[in-house]
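Summary of structural features
One letter stands for each residue in the lines below.
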Amino acid sequence: MFMYDEWVEEINEVVNYYELNHDNMQLAEIYKQIADIYAEHHQQDMMIEYYSRASAIFLDISNACMSENKNEEAIRYLERGIDCNRKGYRCQPNTDLAYLLNRLAMANHIKG
């Protein structure tokens with residue numbers, strides 16, 4: 001049986017650890033895993049929140065990569081952000097998705 005309260009307490013400790021250590025890549029992965037669990041338990045609002053958090057971090061990482069001309073790496077992170085967004089919004093159009101797709105097009109154009 002899923003022990004929700006215990007899980008929330010433990011996951012908050014993990015999130016705090018990665019936030020304190022500024023490990024955004026791991027934080028995005030944790031947010032995605034949290035969202036996956038909320039999705040399994042049909043908690044739509046929390047699922048959307050955590051997929052959105054993960055997507056935003058993947059976008060930030062991709063922007064940093066693009067500023068360093070690491071376009072292929074930026075594309076990988078954008079694709080991960082798009083995946084999180086689509087899962088969170090059940091593939092419904094939204095402004096965050098439009099922005100991510102625009103950034104992906106730009107990264108692909110720059111890459112050539």
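Before reading on, note that the structure itself is shown above.
Residues numbered from 1 in each chain as written. Predicted model: local features only at pLDDT ≥ 70, side-chain atom pairs only at ≥ 80, totals over all residues. Heavy atoms only, no water.

1. Describing the pattern of salt bridges
To keep things clear, this is the line we draw: Whenever Lys or Arg places a side-chain nitrogen within 4 Å of a carboxyl oxygen from Asp or Glu, that contact is recorded as a salt bridge. A run of DSSP states H or I qualifies as a helix once it reaches four residues; a run of E qualifies as a strand once it reaches two. Both are numbered from the N-terminal end. Here's how the labels work: a residue is buried when its accessible area is under 20% of the maximum for its type, exposed when over 50%, partly exposed in between, all with a 1.4 Å probe on protein chains only.
For the structure shown, the criterion picks out five salt bridges. Among the salt bridges present, the one from Asp36 reaches Lys32, with a minimum N-O distance of 3.2 Å. Remark: Lys32 and Asp36 occur in helix H2 (residues 24–40); sequence separation between them is four residues, near one turn of the helix. According to the relative accessible area criterion, Asp36 is partly exposed, its value standing at 21%.

2. Re unusual backbone geometry
Phi is mostly negative for residues that are not glycine, and the peptide bonds are mostly trans. For His22, which is not a glycine, the phi torsion comes out positive at approximately 50 degrees. Looking at where His22 falls in the secondary structure, it is placed in the loop between helix H1 (4–20) and H2. Under the relative-accessibility criterion, His22 is labelled exposed at 67%. Phi angles above zero are rare outside glycine, and His42 is one such case at about 55 degrees. Mapped onto the secondary structure, His42 falls in the loop between H2 and helix H3 (44–67).

3. Examining the environment of Asn108
For Asn108, the position within the fold is in helix H5 (residues 95–111). Among the residues examined, Asn108 registers a relative accessible area of 34% and is labelled partly exposed. Once the C-alpha coordinates of Asn108 and Cys84 are considered, the two residues, 24 residues apart in sequence, prove to be 20 Å apart.

By themselves, these are just geometric observations and shouldn't be taken as functional.
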